[in-house]
Amino acid sequence: MKLKRVLTAAALAGGLVACATSPLGRQQFLLMPAGQMDEMGATAYAQMKEEQTLSSSQGDTAYVRCVANAITSTLDGSQQWEVNLFQDDSANAFALPGGKIGVNTGLLKVAKTPDQLATVLGHEVGHVQAQHSNERMSLEYATQNGLQLLGSLAGQDSATKQGIMAALGVGTQYGLTLPFSRKHEAEADIIGLQLMAQAGFDPNASVALWQNMAAANGGGPPEFMSTHPSNETRINGLRARIPDVMPLYQQARAAGRKPQCQR
Ligand SMILES: [Zn+2]
């Protein structure tokens, strides 16, 4: 029934429908034009910058940018990425379509090394690379709200705006959290491992990061803790995948990719 509604919305949208394939080969049904996702991401980010406090620490901000830039420099294309550190105690981070990354100061207490921070940022950028928010919006919102969503974020009523923020993965601050599905989390974990390895960060650090995250587990559920996979499942999944990406890591290091990011 859900599919039928999607198909109806797709028919309405006419020509905007794309059957896509995720970076890991999974079939996806995407209704939203990529350019519009980018615009929504940028608008949401601008709003967050307006309403939330940025860290006053230039050193910590530079450190976070160093790690994020190392990750995004491995991507194809000409996308420029904006990276900011938000003054917020919850251990969280996000990446949005349109090249936007946010890290909370609270994450730096949990992600204790550059490689651990790269684990989180690789994961978040993985969600963007795999167009997960487009997929969520296509399934959960475009079907209900039809072509409304094809307008700009700024012009939406508050309920729709809240839904869009949630689908983008930044709804917590706006009263509606929509966790990524287990499928999306697993995909972002795998893409994240690949990205961090290609950037020259040690993929083994991902295990320590998620162990730290499980130990901390306070200050509200961060994006990547608020969904189904138990920490143990997640850590076991990562452990199983690390050998696949070690050659990428070794190649990156041999090619001189040795990010020098220090707090
Ligand atoms: Zn996630």
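Above this text sits the structure in question.
Structure report, in brief. (Residues numbered from 1 in each chain as written. Predicted model: local features only at pLDDT ≥ 70, side-chain atom pairs only at ≥ 80, totals over all residues.)

A closer look at the sheet that holds strand β5 (residues 100-104)
Applicable threshold: Strand pairing follows a simple DSSP-based rule, namely that at least 2 bridges must link the two strands. The helix and strand labels rest on DSSP assignments: H or I over at least four residues marks a helix, E over at least two residues marks a strand, and numbering proceeds from the N terminus. Each axis is a line fitted through C-alpha atoms, and for a helix only the stretch in contact is used; angles between axes span 0 to 180 degrees, taken between their N-to-C directions. Contacts here follow a simple rule: the backbone-placed C-beta atoms of the two residues must lie within 7 Å.
Across the sheet, which stays open at both edges, the three strands sit in the order β3-β5-β4 with mixed pairing between neighbours. Unpaired on one side and paired on the other, β3 (82-86) and β4 (93-96) mark the two borders of the sheet. On average, each strand axis in the sheet is inclined to that of its neighbour by 15°, with strand direction left out of account. Summarising the sheet, β4 and β5 pair through four bridges and their orientation is antiparallel. When the sheet's bridge partners are listed, Leu96 is paired in β5 with Lys100. Strands β3, β4 and β5 of the sheet are contacted by helix α2 (residues 34-51), whose axis makes an angle of about 35° with β5. Relative to the sheet, helix α4 (residues 114-129) contacts β4 and β5, its axis offset from that of β4 by approximately 30°.

Here's the deal with the nonpolar core
Quick note on the threshold: Nonpolar core, as used here: buried Ala, Val, Leu, Ile, Met, Phe, Trp, Tyr and Cys residues forming one set through C-beta atoms within 7 Å. Partly exposed residues are those falling between the two cut-offs: more than 12 but fewer than 20 other C-beta atoms within 10 Å of their own, whereas 20 or more means buried and 12 or fewer means exposed, with C-beta atoms placed from the backbone.
Of all hydrophobic cores here, the largest spans 59 residues; its most connected members are Ile71, Ala118 and Leu121. With eight residues, helix α7 (residues 182-199) is the largest single contributor of residues to this core.

A few points about helix α3 (residues 58-72)
This is how the line gets drawn: The span expected for a helix works out to 1.5 Å for each residue beyond the first.
End to end, α3 covers 20 Å across 15 residues, agreeing with the expected 21 Å (1.5 Å per residue, within 8%). Every buried residue of α3 is listed here: Val64, Val67, Ala68, Ala70, Ile71 and Thr72. Among the structural elements, β3, β5, α4 and α7 are those in contact with the buried residues of α3.

Some remarks on the pairing of β5
Along β5, five of the five residues are buried, which leaves the element largely enclosed by surrounding structure. Every second residue of β5 is oriented toward a common face, with Lys100, Gly102 and Asn104 on one face and Ile101 and Val103 on the other, all of them buried. Counting the residues that bridge the hairpin from β4 to β5 gives three residues, and of these Gly98 lies at a positive phi of roughly 95°.

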